[in-house]
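# Observations on the model geometry
Take a look at the letters that make up each chain.
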Amino acid sequence: MSSTAAAPGVISLREITKAFPGVVANDRISLDIVGGQVHCLLGENGAGKSTLISILAGMQQPDSGTILVDGVPTPINSPKAAVDLGIGVVHQHSTLVPAFTVLENLMLGETGVLRNETRAKARLGELSELLGARIDPDALAGDLGLGQQQQVEIAKAMWKGSRLLILDEPTSMLTPQAIEKLAASVAQIKAQGLAVVFITHKLREAYQMGDCVTILRGGKNVGHIGTEELASYSEAQAQRAILAAMFGDDVATTAEAAELAGATEAVREVDDLEIGAKRARLELTGVATRGHGHDVDVRNVSLSVHEGEILGIAGIDGHGQAALAQVVAGQRSAAEGTIRFDGEDVTRRGVRGRQQLGLRYVTDDRLHEGTVAGMSVAMNLVLKRIGQAPFWKIGQINRKAVDAEAERLIAEYAIKTPSSGTRAGTLSGGNIQKILLARELTDGARFVVVNKPTYGLDLKTVKLVRQILTDFAAGGGSVLLLSTDLDELVELSHRIAVISDGEIVGTVQNDGRGTAEKVGQLMTGAIEGVHA
Amino acid sequence: MIEELPRWRRITDTVVRSVLPVVLALVVAGLIIAAMGSNPLDFFAGVWKYGVTGNNWQDSLRLMAPLMIIALGLIVAFRGQLWNLGYNGTFLLGSVVAAGAGPVLFPILPGWLVTAVIIVGALLIGAIWSIVPAVLKARFGTNEIITSLVMSFIAIGVVNLLIKGPLHDPNPRVTAPQTATIDRADLLPFFGGTRVHVGFLVAIALALVAQFVISRTSFGVRLDVFGASPKAAQHVGISRSWMIVLLFSLSGALIALAGTIDVLGNVTYMRANWNPGYGDAILPFVFLARLSPLGAIPLVAFYSVFANGGINAARSVGLSSDFLLVVVGLILVFMTITEYVGDKRRLGQSYLPAGMKQSVMSLFGPRTTATTRVPSSPEKATTPPEKVSTTKTTATRAPGKVTT
C-alpha cells in the first residue's frame, strides 16, 4: 500500500493506534482513502470505526501512527485542522439546531464578524446541485424530514470545500426510500472527485455503494478488498469474502453470519400466530401524554398486544417512542385514554404496581436509566424489587437472598461479570443489556415493552437478545417492540405499527415479503410527504 | 470501561482522598503562618492545648453536637444530589425557636414538655422552610442552589427581626438586641460535671441511625438510586417530586434541630446578627467523608477540636481567628485537586488538558523524539497515554521512518 502513499488526492492512515483504558480501539490500522471513490468501513459495534473517524476529524489524537495527506505527514490535532484540510463528518445523530433555519445551521462555523448571506446562499446552491437535492435555505431544520436533514448535514460537512466526506452509519435512521436518495447523492459527490468514507455494519449497503471495502475487527484492519477486486466479485462472492474477514471463525455458519451482518433481506422468523384466537393482553385506547420538555408526546394511540404476540413499532427515532414506552410502563402518566392489562384498568397504577402485575419495561437508555452504574450487578438485578420480600425483611436488606437471586439470573442469562458484587458500570454494553432483560423477564413477567433492544450491541449479543424475546413470546408472553431497525422489526414482529410524530399512522401485517417497503411507505408518507 | 480496583485499593484510595487534603491544607496553612512571621508549630501546639488538654476537650465535644447534626442534614440532601445551601438560615430558625419559646415556656410548664415542644417546633419549622425550594424544584425545575440560598437570606432577616422585636428580652435593663437567657436549670442535661450536654449523644445516635438507614434499608437504596440518576429512579418507580420534598424537609428539620440543641445546650440566648456559619465550615468535611454519616464523625470531631482550639491558638501566635476559615478554604482547594488528580489517575488519563503537553513539548524541539510506543496489550493501555504527543512530534519530523 505504500506505493500509493505519495500519490496526490490520497489521505493515508499509517499504523494508527489509539488505546483507551482496558481496550485498544485502533491497533496499527493502515488504509488509503482515494479521491473519487467510496471507501466502505465495515465492522461490528466496538470494532474501532468511530475512533478511527474521530481521529480523522481531529477530535481524538492517535497514540502513535501518522496521517499523510497527499503524501505529506499532517497532524490533525483539532477539529479545525480537519475542516481546514477539507475533511467533513456527518455524524450518526443530527447535529443541526432545530430552531435555526437551514442557512443559519450551515453558517454556524463561519468565523467572520458579519454574516454574508448572499455568499452562503450561492454556496448552498452549488451544493444542492452537487447533491441533487433541493434544499430550502429558509426552512427550519426541525421541520425537515430526516432524509432532508441528512442532506443538510452533508452540505454542512462540505461547506468549506470538502475533499473527504465521512458518513457515519448514515442509513441507520432512514427509510428504504430515503436510502436510495442518499445513494444517489453519494454517487454525485463521488463523481466530483471527492473521497467518501462510508461507515456501516450492513453488508448489503457496503456492496451496493462501496468501491472498496475495509473490514475492522477488534480494532484491527482484518481485510481489505480493493477496487478491481470488488468490481470483479459477484454480490455473493463479495459477501463471502467480507464475512470471512468480519467474523473469522467466531460464527458457526455463513448463513448465520450473513443474516447478522444484514447481508440478506430480512424475513420474519417468529412462528405464525392466530391473533384473533388469542386474548388481548395490553390494550391502549386513545392514550395521550403531555409535557416533559422536548420529548415528542404521543397522541390518540390505540393498540392492542395479544398473548404470545410481538407487536413491532416502527418509526424514525424521536417520534414519540420514548413517551409510548414510558406511558405503557407507568413512568409517564396518561393525560387521556385508558390502559388495560389483562382486562384490568391499570391507567392509574404506577411503575411498581404494573411491575408486580407482570408488565415490564426494558429501556433504551441502558446506562443511565436502566442501570445504576455505581451499584453492584446484584443490586441492579433486584432494582425493581427494592423493599420486597425476600430481599428486604422488615425494612432491612437480606444480602444473602439478593446474592442468591443475582447468582441465579447471572447463570440463567449468562451474564459475564467477575462477580455479583462488581459495579454494573464496568460491564460491557451487551452484558448490561442482559442484566436489564434478566431483571424484567423474571418473576412472573407476562408482557414486556422493549425500546431499541439491540442498539449498539455486538452481533452475537444481538442474536441472543432477539432469541430471548422470541422465546419469551413463544412461551405465551407478549412483547411491544419499539425499534428503529426495520430489519429487526421484520424478523421479530407478527404485526408492525408505524409511529410518526406521536401518532400511530398505520399497521402492517408481517406476512411474506415486502413488509419493509410497506412500512417504509407509511413512514415516508407520514414524514416526508409534507415537504417532498 | 473503568477497571474495577481490588477492594483494599479502593479503601486506601478513599482514606487517602479524605485525609490528604486536610494534611496538605495544614502544611500550607503552616507555611502561611510562617510567612506572616509566627511559628506554625506554636499554632498547632496551641490547637492541641486549647482544643484537647485540660477541660478543653469538653468544649470541643459541645461544639461537635450541632456540627454533626448539620453534617447529617447536608448528607441527607447531598446523597440525593440536592444541593441544599440554606443551612445558615435553617439553623438560625431552629435556634430562634428555642431562644424565643424557651424563656417564655420554661417558667410555666414542666421542663421536659417544653424541651419536647421546642424540638418538635424546630423540626417542623426547619422542614416547612425547606419545602419551598423543594416544591419549586419538583414542580418547576428551578435550581435549588439559588432558591435554598435565597430562603436562607430571608430566614436570617426574619430571625433578626424577631430578636429585635417580639422576642426581645422583656427585661427593660437589657438594651442590646437579644433574647432573654434560658435558665441554666432548664438546659439540656449535662454529663456528670462536664460541659458536654446530651445533645452530643443525640448527634452521635443520629449519625448511627443515618448510617443504618443508608446502608441497610430499602429507603437507603432508593436514596442512592435517586442520587445516582433521577432517570433510573423514575424507571424503578420512585417518585421524583416526593423524593425531593422528603429529602429537603428531612435535611431542613435536622439542621434546625442542630440550632435548637446549640441554644438549649450551649449558647442559652440569641443576639441579633449572631450567625456562627457552622454549615459553611462543615461543608468540605461532608464531602471528604464521601457523604457517609459514619465517616463524617472523625472528620467533624477533628474540625471541632481545630475550631475550638484554633481560636485561642490563633490569638496566641498573633493571628486573627478568621484564619480558621483560611484553613477551611484550603481544605476545599486541596480536596478539589485531589479528586481531579485521583480521577484522572484512575481513568489512566493525562493530568493535562488535551494538546497542552504537545504544545509545550514542541517548544523544546528534538529532545522529545522518543521511540514510538505501540501498546501491545490491553493491560499496558491502562497507563496514562502521556507519550502521545512525543510520538506525534516524531512523526512530523521524520516522515521517512514511519511509512509502513
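Residues numbered from 1 in each chain as written. Chains lettered and ligands numbered in written order. Predicted model: local features only at pLDDT ≥ 70, side-chain atom pairs only at ≥ 80, totals over all residues.

### What to know about the overall build of chain A
Here is the rule we go by: In DSSP terms, a helix is any run of H or I states spanning at least four residues, a strand is any run of E spanning at least two, and both are numbered starting from the N terminus. Atoms counted for the radius of gyration: C-alpha only. Globule rule: 2.2 Å times the number of residues to the power 0.38. Three exposure classes are used. Buried residues have 20 or more other C-beta atoms within 10 Å of their own C-beta, exposed residues have 12 or fewer, and partly exposed residues fall in between, all C-beta atoms being placed from the backbone. By definition, residues are in contact whenever their C-beta atoms, placed on the basis of the backbone, come within 7 Å of each other.
Scanning chain A for helices and strands turns up 20 helices and 22 strands. Over its C-alpha trace chain A gives a radius of gyration of 24 Å, about what one expects of a compact globule, namely 24 Å for 532 residues. Reported as C-alpha extents along the three principal axes, the dimensions of chain A are approximately 70 × 50 × 50 Å. Counting all 532 residues of chain A, 50% fall into the buried class. Considering only residue pairs separated by 6 or more positions, chain A has 70% of its internal contacts joining residues 24 or more positions apart.

### Observations concerning the confidence of the model for chain A
For clarity, the cut-off: Per-residue confidence from the prediction method is given by pLDDT, with values spanning 0 to 100.
With 92% of its residues at a pLDDT of at least 70, chain A reaches an overall mean of 84. Note on residues 1-6 of chain A: pLDDT is under 50 here. Beyond four places in sequence and across chains, it has 12 contacts.

### Thoughts on the environment of Gly102(B)
Residue and element names in this part refer to chain B. Among the structural elements, glycine 102 can be located in helix α4 (residues 87-105). Residues glycine 102 and leucine 264, 162 residues apart in the sequence, show an inter-C-alpha distance of 8.3 Å. Contact partners of glycine 102, with chain neighbours within four places excluded, come to Val114, Ile118, Ile182 and Asp186.

### Topic: the domain arrangement of chain A
All names here are of chain A. Note the following rule: Throughout, the edges of the domains are those of an automatic or database domain assignment. Charged means Asp, Glu, Lys or Arg here, nonpolar means Ala, Val, Leu, Ile, Met, Phe, Trp, Tyr, Cys or Pro, and polar covers whatever is left, Gly included.
When its domains are assigned, chain A resolves into domain 1 (2-96 + 146-260) and domain 2 (275-358 + 444-527). One C-alpha centre belongs to domain 1, the other to domain 2; they are set 34 Å apart. Taken together, the nine residues of domain 1 in the interface contact 14 residues of domain 2. In the side of domain 1 that touches domain 2, the residues fall into four nonpolar, four polar and one charged.

### Here's the deal with the sheet that holds strand β3 (residues 38-42) of chain A
Residues and elements named next belong to chain A. Stated precisely, the cut-off is as follows: At least two bridges found by DSSP between two strands are what make those strands a pair. Between the N-to-C directions of two axes lies an angle of 0 to 180 degrees, each axis being a line fitted to C-alpha atoms and, for a helix, fitted only over the stretch in contact.
As summarised here, the arrangement of the six strands in space is β6-β7-β8-β3-β9-β10, forming an open sheet in which the pairing is mixed. Strand pairing shows two members of the sheet lacking a second neighbour, β6 (87-90) and β10 (220-225), which therefore form its edges. The average undirected angle you get between the axes of adjacent strands in this sheet is 20 degrees. As paired elements, β3 and strand β8 (residues 195-200) share five bridges and run parallel to each other. Looking at β8, one finds that leucine 41 is bridged to isoleucine 199.

### Digging into the packing of helix α3 (residues 56-79) of chain B against helix α12 (residues 293-316) of chain B
Two quantities define a packed helix pair, namely the angle between the axes and the distance from one axis to the other. Residues and elements named next belong to chain B. Put simply, the rule reads: These descriptions rest on fixed angle ranges, namely under 35 degrees for roughly parallel, over 145 for roughly antiparallel, 65 to 115 for roughly perpendicular, and the rest for oblique. Two helices crossing with the near one rotated counterclockwise from the far one by less than a right angle form a left-handed crossing, whereas a clockwise rotation gives a right-handed crossing.
It is at 8 Å that the axes of α3 and α12 come closest, and there the two elements cross at 135 degrees. By the angle between their directions, the pair α3 and α12 is classed as oblique. For the pair α3 and α12, the crossing hand works out as right-handed. Where α3 abuts α12, its residues Asn56, Asp59, Ser60, Leu63, Met64, Leu67, Met68, Ala71, Leu72 and Ile75 lie against Pro293, Ala296, Val300, Ala301, Tyr303, Ser304, Val305, Ala307, Asn308 and Gly309. Residue composition of the contact of α3 with α12, by class: 14 nonpolar, five polar and one charged.

### With respect to the nonpolar core
Here is the rule we go by: Here a nonpolar core is just a set of buried residues of the types Ala, Val, Leu, Ile, Met, Phe, Trp, Tyr and Cys, joined wherever their C-beta atoms sit within 7 Å.
Judged by nonpolar contacts, the single largest core of 182 residues is most densely connected at Ile70(B) and Ala71(B). Look past the residues within four positions of Ile70(B) in its chain and what remains in contact with it is Tyr87(B), Phe91(B), Ile255(B), Ala258(B), Tyr278(B), Gly279(B) and Ile282(B). With 71 residues, the next largest nonpolar core counts Leu106(A), Leu182(A), Ala195(A) and Val197(A) among its residues.

### Examining helix α7 (residues 176-191) of chain A
All names here are of chain A. Test applied: The span one expects for a helix is its residue count, reduced by one, times 1.5 Å. Directions from the helix axis toward the C-beta atoms define the arc.
Over its 16 residues, α7 extends 23 Å from the first C-alpha to the last, a length consistent with the 22 Å expected when each residue adds 1.5 Å. Along α7, the residues classified as buried are Ala178, Leu182, Ser185, Val186 and Ile189. The buried residues of α7 occupy an angular sector of 105 degrees when the element is viewed end-on, so they sit on one face. Across from the buried face of α7, at angles greater than 90 degrees, the exposed residues are Ala184 and Ala191. If you follow the buried residues of α7, they end up packed against β3, α5 (117-131), α6 (146-157), β7 (164-168), β8 and α8 (203-209). One or two steps after α7, the chain reaches glycine 193, where phi turns positive at roughly 90 degrees.

### Focus: the packing of helix α17 (residues 429-441) of chain A against helix α18 (residues 459-474) of chain A
All names here are of chain A. At a minimum axis separation of 10 Å, α17 and α18 run at an interaxial angle of 10 degrees. Comparing the axis directions of α17 and α18 gives the class roughly parallel. Of α18, the residues touching α17 (which contributes Gly430, Gln433, Leu437 and Leu441) are Thr461, Val465, Ile468 and Phe472. Class assignment for the residues of the contact of α17 with α18 results in five nonpolar, three polar and no charged.

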